[in-house]
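Next come the chains, spelled out residue by residue.
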Amino acid sequence: MRRLLAGLVAVLALAGCSTGSDQVDVNNGGEFRFVAATPAGEVIPAGERSSAPEFSGTLLDGRSWSSQDLSGDVAVINFWGSWCAPCRVESPEFQDVYADVAEQGVQFLGVNVKDQQQLAQAFVENKGLTYPSLFDPASEVALAFRDFPAAAIPSTIVLDRSGDVAAVYTGAVTQTDLQTTIDQLLED
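Heads up: these notes are all about the structure in this document. Quick caveat, the model's predicted, so the values are computed rather than measured.

Cut-offs and rules
Throughout, a residue's number is its position along its own chain's written sequence, starting from 1. Whole-chain, interface and lining totals are the exception, using all residues; otherwise, since this is a predicted model, local features are given only for residues with pLDDT of at least 70 and side-chain atom pairs are given and counted only at 80 or more. Where side-chain values are given, they derive from all heavy atoms of the structure, hydrogens and water being excluded. A carboxyl oxygen of Asp or Glu within 4 Å of a side-chain nitrogen of Lys or Arg is what we treat as a salt bridge. A run of H or I in DSSP becomes a helix once it reaches four residues, and a run of E becomes a strand once it reaches two; helices and strands are each numbered from the N terminus. Exposure classes here rest on a 1.4 Å probe applied to the protein chains alone. A residue is buried below 20% of its type maximum, exposed above 50%, and partly exposed in between. This arc describes the spread of directions from the helix axis toward the C-beta atoms. Any two residues whose heavy atoms approach within 4.5 Å at even a single point are treated as in contact.

What follows concerns the pattern of salt bridges. Tallied over the entire structure, the rule returns three salt bridges. Among the salt bridges present, the one from Arg49 reaches Asp160, with a minimum N-O distance of 2.8 Å. Note that Arg49 is positioned in the loop between helix H1 (2-16) and strand S1 (56-58) and Asp160 in the loop between strand S6 (155-159) and strand S7 (165-170), a separation of 111 residues in sequence. Arg49 sits in the buried class, given a relative accessible area of 13%. Residue class for Asp160 comes out buried when judged on its relative accessible area of 8%.

Structure below.
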């Protein structure tokens, strides 16, 4: 009986935390607030997109980097960690998509969080990733995206050519879904 009661309480608690079908809370004084992830392979309608924050940092190779470098391109920003099992699966798939679209005005940026630089660099080398990754052990870039769930690892945020957030994915993203999202934004 106790197990049944505990299970019922857990189900009710989870139901109370559900976000409904809307992605954006518009009843908060006009401010954008993230409510739910974008469904796989879909994008937020252009009129409902919010501008991405500006951010900067140091790449794993030691070079400085700024979000202004993304200007005018579709951008895929992937928050990852070497310790993250889903990241190990999606990273090679992201590399495959990157190789296919890099010459089409699409940039990829990894953001390595909560990691040691040596482990992050080994991960990049082991997975054969050629797109740049910021080293962000304190999750400062995730904090810049505070209206989005960038603290969940992995998370992927896709920006349109105007620098607006066009898709937000929590959890691993498949190669097919990422390609579909990018294709939609390249057609805009």
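Take the environment of Glu48 next. One can find Glu48 in the loop between H1 and S1. Given a relative accessible area of 45%, Glu48 falls into the partly exposed group. Along the backbone, Glu48 and Ala166 are 118 residues apart, and their C-alpha atoms lie at a distance of 8.8 Å.

What follows concerns helix H3 (residues 117-127). Side chains that are three or four residues apart share a direction in an α-helix, a result of its 3.6 residues per turn. Within H3, the full set of buried residues consists of Ala120, Phe123 and Val124. Seen from one end, H3 has its buried residues packed into an arc of 95 degrees, which puts them on one side. Summarising the geometry of H3, the exposed residues directed more than 90 degrees from the buried face are Gln118, Glu125 and Asn126. Taken together, the buried residues of H3 touch strand S3 (74-80), helix H2 (85-101) and strand S4 (106-113). Of the residues flanking the end of H3, it is Gly128, one or two places downstream, whose phi is positive at about 70 degrees.

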